[in-house]
Amino acid sequence: LKGKGKKRVVTAAEDEVMCTIFILESTRLAFNATVRMLAALEKRGTVTRPELPFNTEENLYSQRFSPLHLATNKVAECFPEPLCYDAYAYATNVQDMSLGQLCESAGLGFGNALRLLSHLKATYGERGSREEDVGALERTCKANQIAVKLAGRSDKLKCDLGVEGRALVLRIRT
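What this report covers is the structure whose coordinates are included nearby. Computed from a predicted model, the values in this text were never measured in an experiment. (Residues numbered from 1 in each chain as written. Predicted model: local features only at pLDDT ≥ 70, side-chain atom pairs only at ≥ 80, totals over all residues. Heavy atoms only, no water.)

On a plain count of helices and strands, the protein comes out with five helices and two strands. The N-to-C order of helical and strand elements in the protein reads α-α-α-α-α-β-β. Within the protein, contacts between residues at least 6 apart in sequence are counted, and of these 67% link residues at least 24 apart. Counting every atom, the protein has about 12500 Å² of accessible surface; 55% of that belongs to carbon and sulfur. (Helix = DSSP H or I, 4+ residues; strand = E, 2+ residues; numbered from the N terminus. Contact = heavy atoms within 4.5 Å. Areas by Shrake-Rupley, 256 points an atom, 1.4 Å probe, with all protein chains shown as cover.)

A separate point is the environment of Leu99. Examined against the element boundaries, Leu99 turns out to sit in helix α4 (residues 99-124). Judged by its relative accessible area of 18%, Leu99 is buried. C-alpha of Leu99 to C-alpha of Met37: the two residues are 62 residues apart in sequence and 9.7 Å apart in space. Excluding residues within four positions of it along the chain, Leu99 makes contact with Ala40, Lys43, Arg44, Gly152 and Asp155. (Buried < 20%, exposed > 50% of the residue type's maximum accessible area, 1.4 Å probe, protein only.)

A word on the packing of helix α1 (residues 14-44) against α4. Where α1 meets α4, the axes come as close as 8 Å, and the angle between the chain directions of the two elements is 165°. In terms of axis orientation, α1 runs roughly antiparallel to α4. As for the relative orientation of α1 and α4, their crossing is left-handed in sense. Of the residues contributing to the contact of α1 with α4, the split by class is 20 nonpolar, six polar and five charged. (Axes fitted to C-alpha atoms, helices over the stretch in contact; angles between N-to-C directions. Parallel < 35°, antiparallel > 145°, perpendicular 65-115°, else oblique. Left-handed = near helix turned anticlockwise from the far one by under 90°. Nonpolar A, V, L, I, M, F, W, Y, C, P; charged D, E, K, R; others polar.)

Let us now look at the pattern of salt bridges. Once their charged atoms are close, side chains differing in charge can pair, the charge on each being opposite to the other. What the rule picks out here adds up to four salt bridges. Here Glu138 ties to Lys121 by a salt bridge, and the two come within 3.2 Å at their closest N and O atoms. Taken together, the residues Glu138 in helix α5 (residues 130-153) and Lys121 in helix α4 connect sequence positions 17 residues apart. For Glu138, a relative accessible area of 13% puts it in the buried group. Among the residues examined, Lys121 registers a relative accessible area of 31% and is labelled partly exposed. (Salt bridge = Lys/Arg side-chain N within 4 Å of Asp/Glu carboxyl O.)

Written as structure tokens, this is what we have:
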């Protein structure tokens with residue numbers, strides 16, 4: 001629009017917004033499951049946690065989330081109080097979980113992501129360029145769900161990690 005002080009308003013189709021929300025939530029669930037899968041693989045001895053030569057885990061947490069903490073101070077009524085590191089460390093502690101529990105938790109996470117993607121497809125059908133994102137996420141979740149179940153059942157099974165697209169995939173070797 002022309003004229004001083006007039007702004008252009010852009011509207012998005014509700015279906016497109018909902019599809020994006022479904023994909024983002026499915027991705028979040030898949031990444032949470034991936035973190036559990038990595039914890040299970042660490043407990044199994046397949047992967048080792050890297051040493052942090054310059055920063056502690058608490059420093060990394062602060063560096064990653066400090067911009068969010070600054071944002072919440074300016075508009076406090078819009079955001080809950082930021083999670084401090086001690087609460088984060090307590091909530092994400094998996095040391096007391098067994099290998100089986102971690103594998104089950106990861107498998108359930110991948111399953112939840114798959115259920116959400118299935119609901120997306122049933123509700124909104126195939127969505128052009130989104131079909132690629134949904135397909136890649138589905139393949140990754142299915143592969144990881146099966147692999148983490150197998151890895152949790154056998155100590156003799158050899159596995160390694162690979163990357164497909166933007167996701168980490170557990171590969172079983174024979």
